[in-house]
Amino acid sequence: MNRSVLTQVYADPLSDLQPPPSRHLIHQSGCPLYVWWAVGKRRNADGERWHCWFVYLEYRQADGRSGYRQLQLPLSDSCDPSLWQRLSQLDLTEACDAASRANLIGRG
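Residues numbered from 1 in each chain as written. Predicted model: local features only at pLDDT ≥ 70, side-chain atom pairs only at ≥ 80, totals over all residues. Heavy atoms only, no water.

## Some thoughts on the packing of aromatic side chains
And step 1. Counted by the stated rule, this structure contains four aromatic pairs.
And step 2. When the centroid spacing of 5.7 Å and the interplanar angle of 85° are considered together, the rings of tryptophan 37 and tryptophan 53 count as edge-to-face. Here tryptophan 37, found in strand β2 (residues 32-43), pairs with tryptophan 53, found in strand β3 (residues 49-60); they are 16 residues apart in sequence, far enough to count as distant.
And step 3. Since its relative accessible area comes to 5%, tryptophan 37 is described here as buried.
And step 4. The exposure class of tryptophan 53 is buried, given its relative accessible area of 3%. (Phe/Tyr/Trp six-rings, centres within 6.5 Å; stacked < 30°, edge-to-face > 60°. Helix = DSSP H or I, 4+ residues; strand = E, 2+ residues; numbered from the N terminus. Buried < 20%, exposed > 50% of the residue type's maximum accessible area, 1.4 Å probe, protein only.)

Right under this line is the structure:
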């Protein structure tokens, strides 16, 4: 097999999948969060692979350190209109509004 055939055979079907844009979101507590996405693969209990989004919600803790919450969602959930509402209501007890506003993650 030549290289181009191998590339086609072993090409990752997710390579063309673009994640939703990163953005800031205000949590119900008033804390600004930075939300970004990565596509990945997981295995279920039977060993079958499935594709998913890894969604990261980043914030600052009271001591100024970065903290985050990672979620795994089905690929179809990125189009769910209620997703952003659900993300803004997650329990993020370590998130500090003052520290997050003073040193916003995802600027620039």
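## Considering the pairing of β3
And step 1. Here β3 lies mainly inside the structure; nine of its 12 residues are buried.
And step 2. Judged from the 10 bridges that link them, β2 and β3 form a sheet pairing that is antiparallel. Counterpart to alanine 38 in the pairing with β3 is phenylalanine 54.
And step 3. Adjacent in sequence and paired antiparallel, β2 and β3 are bridged by five residues, among which glycine 47 carries a positive phi angle near 85°.
And step 4. Across nine bridges, β3 lies against strand β4 (residues 66-74) in antiparallel orientation. Opposite leucine 57, over in β4, you have arginine 69 as the bridge partner. (Pairing = 2+ DSSP bridges.)

Geometric descriptors of this kind do not, in isolation, establish any biological role.
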